[in-house]
Amino acid sequence: MKLIRDGSTILATSTQASASLVWPVGIHNGRLLNLADSHLSGNTLFVVVTNPEDGAEWIQDGEQIQVACSASDSGQFTNYMSTHMSYRFWDTGVKVKENPVCTIEFATDTACTPYGNYGGFTLYHTMGFVTAPAGGIKNIDLRDSGNTANAGTSFSATRWVTMRWNVDAGHDMQVAIRQGGATVSGFSGDYIADHTAPTNYHYTFRQTEFLHTRLDGDFRFTNGYVTANYPGTNGNGTYSAVKTISTDSTISDGDHHVYVMVAVGRKAAGSVVQTVKGKYTVWVQ
Amino acid sequence: MIVELKINFVKIFGIGSLQGSSGTLQRFLSQTDAGGGRIEIDGQEKTLSEAETMLSSYLSTDITDLVDYIGTETYSDPTLDDWFSLEIVLS
């Protein structure tokens, strides 16, 4: 298509591209994935667990995925994306250079159980996106260049949302949106649950990330955000919150695929297994 | 050392050129005290006094050019305030 500038108007010379623009421009083809339907086929890595008693158990339950996580040893804390206790990846099949908008939604009716094990026993539950070579899902090791590296030899970028469950006696939770080798920190205020009868633990989180090819050919995760609906102080479930990240994350190769990742880890050691269950839906388009 | 500050949208004032004064680290840190903000150093939450002790050698440094805006946090709940986050890498 050849573009001709005529005064302040840019005209396209190919007929099919010269119509007036309306918003939305049209259907943007992409991928819709229900992670539970993919039968937990992603890769699993245990990077911190050092004893046979601890770890994570992943179960498919209809359209939902349940993850149970235990950590009885004080060395099994999660400080970085790469030091979660267990994580899995799913290949979306979409390339970085397609400039996709990537969204992952996690919806739960039960939040994190068991309740009451708050404070030091808080569960870190993380979802997000990682870019890595096509066919490279078995090789992804978020620790291959150290815990604080934004990229490694097996992956080129990460962007993630950590949900920190059961942070207090009210069974509230908090959210952080981070990138690369950042620490698991920068959490929001409390997203309040209704823990008195009639209880309401229904939360929905939707993380959206924009991948962008710059004019100089660099590939980036640019702005991202996570919107949440939560029960709130009245338990009606009408509360919402938005947390954004404006830090660019460089991606080294436009041919790399966008993978979905889900991970669990623990803030500190505790004897009680923490479980989080819900439905994950992914749109990459 | 990475310093992350969470500062109240409404209650911040008086940093750097906004009032024609320098944006010292001390001045940025003090803004977290207005409206219940937060200071994290290398991922660990610190009180204002703890942070001032840890960063004592930088307190009078003008860090205006080192500050990166990294995100926001907003709520529909009118009882909760809105926030923004800054990151400062000190070496």
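The structure presented is a predicted model; accordingly, all values stated were derived computationally and were not measured.

## Observations regarding the overall build of chain B
The helix and strand inventory of chain B stands at two helices and five strands. Of the regular secondary structure in chain B, the N- to C-terminal order runs β-α-β-β-α-β-β. For chain B, with 91 residues in total, the buried portion stands at 27%. Considering only contacts in chain B between residues 6 or more positions apart, those separated by 24 or more positions represent 57%.

## Comments concerning the overall build of chain A
On a plain count of helices and strands, chain A comes out with zero helices and 18 strands. Buried positions account for 42% of the 285 residues belonging to chain A. Looking at chain A alone, contacts between residues at least 24 apart form 72% of all its contacts between residues at least 6 apart.

## Concerning the interface of chain A and chain B
Taken residue by residue, the interface counts 17 residues in chain A and 15 residues in chain B. Top contributing element to the side of chain A that touches chain B by residue count: strand β15 (residues 239-245) of chain A, with seven residues. In the side of chain A that touches chain B, the residues fall into five nonpolar, 11 polar and one charged. Looking at chain direction, β15 of chain A and strand β4 (residues 67-75) of chain B are connected through three bridges and run antiparallel. Along β4 of chain B, the bridge assignment pairs Lys243 of chain A with Glu73 of chain B.

## Brief notes about the nonpolar core
All names here are of chain A. Core analysis: the largest hydrophobic core is formed by 80 residues, its most contacted members being Val175, Tyr259, Val260 and Met261. Ranked by residues supplied to this core, first place goes to strand β17 (residues 257-266) with seven residues. The residues touching Tyr259, leaving out its near neighbours within four places in the chain, are Phe89, Trp90, Asp91, Thr92, Phe129, Val130, Ala132 and Ile137.

## Side note on the pairing of strand β5 (residues 83-89) of chain B
Residues and elements named next belong to chain B. As judged from the seven bridges shared by strand β1 (residues 2-8) and β5, these two strands associate in the antiparallel manner. Residue pairing in the sheet places Val3 in a bridge with Ile88 of β5. Pairing of β4 with β5 involves six bridges; the strand directions are antiparallel. Considered in β5, the bridge of Thr72 is made with Phe84.

## Focus on the sheet that holds strand β7 (residues 86-95) of chain A
Residues and elements named next belong to chain A. Ordered in space as β4-β7-β17-β10-β11-β12, the six strands form an open sheet in which the pairing is antiparallel. If you trace the sheet from one side to the other, it starts and ends with β4 (44-45) and β12 (174-179), each paired once. Judged from the six bridges that link them, strand β11 (residues 157-165) and β12 form a sheet pairing that is antiparallel. Its bridge partner being in β12, Met163 is matched across the sheet by Val175.

## Quick notes on the environment of Val282 of chain A
Residue and element names in this part refer to chain A. Positionally, Val282 belongs in strand β18 (residues 270-284). Sequence separation of Val282 and Val260 is 22 residues, and the distance between their C-alpha atoms is 8.1 Å. Beyond its immediate stretch of four places on either side in the chain, Val282 contacts Leu33, Leu35, Thr92, Thr103, Ile104 and Val260.

## A closer look at the confidence of the model for chain B
All names here are of chain B. Scored by pLDDT, chain B comes out at a mean of 86, with 86% of its residues at no less than 70. When mean pLDDT is compared element by element in chain B, strand β2 (residues 38-41) scores highest at 96, while helix α1 (residues 25-31) scores lowest at 88. With a pTM of 0.88, the predicted complex shows an ipTM of 0.86.

## Describing the confidence of the model for chain A
Residue-level pLDDT values for chain A average 85, and 86% of them are 70 or greater. Within the model, the stretch residues 1-25 of chain A combines pLDDT values under 50 with 14 contacts to residues more than four positions away or in other chains.

## Side note on unusual backbone geometry
Omega for the peptide link from Thr113 of chain A to Pro114 of chain A comes to 0°, which places this bond in the cis form. Residue Pro198 of chain A follows Ala197 of chain A across a cis peptide bond; omega there is -5°. The phi torsion at Asn99 of chain A lies on the positive side, around 50°, for a residue other than glycine. Looking at where Asn99 of chain A falls in the secondary structure, it is placed in the loop between β7 and β8 (101-108). Its identity as a non-glycine residue notwithstanding, Asp42 of chain B has a phi of 50°, on the positive side. A residue is classified by how many C-beta atoms lie within 10 Å of it, and Asp42 of chain B, with 14 of them, is partly exposed.

## A few points about the pairing of strand β6 (residues 64-71) of chain A
Residue and element names in this part refer to chain A. Strand direction decides the pairing type here: strand β5 (residues 55-61) and β6, joined by seven bridges, are antiparallel. The partner of Trp58 across the bridge, within β6, is Val67. Between the end of β5 and the start of β6, which pair antiparallel, lie two residues, with Gly62 showing a positive phi angle near 60°.

## Comments concerning the environment of Leu142 of chain A
Its place among the elements puts Leu142 of chain A in the loop between β10 (123-132) and β11. Other than its neighbours up to four places away in sequence, Leu142 of chain A contacts Met81, Ser82, Gly152, Phe155 and Thr158 of chain A.

Rules of the game
- Residues numbered from 1 in each chain as written.
- Chains lettered and ligands numbered in written order.
- Predicted model: local features only at pLDDT ≥ 70, side-chain atom pairs only at ≥ 80, totals over all residues.
- Helix = DSSP H or I, 4+ residues; strand = E, 2+ residues; numbered from the N terminus.
- Buried ≥ 20, exposed ≤ 12 C-beta atoms within 10 Å, placed from the backbone.
- Contact = placed C-beta atoms within 7 Å.
- Nonpolar A, V, L, I, M, F, W, Y, C, P; charged D, E, K, R; others polar.
- Pairing = 2+ DSSP bridges.
- Core = buried A, V, L, I, M, F, W, Y, C linked by C-beta atoms within 7 Å.
- pLDDT = per-residue confidence, 0-100.

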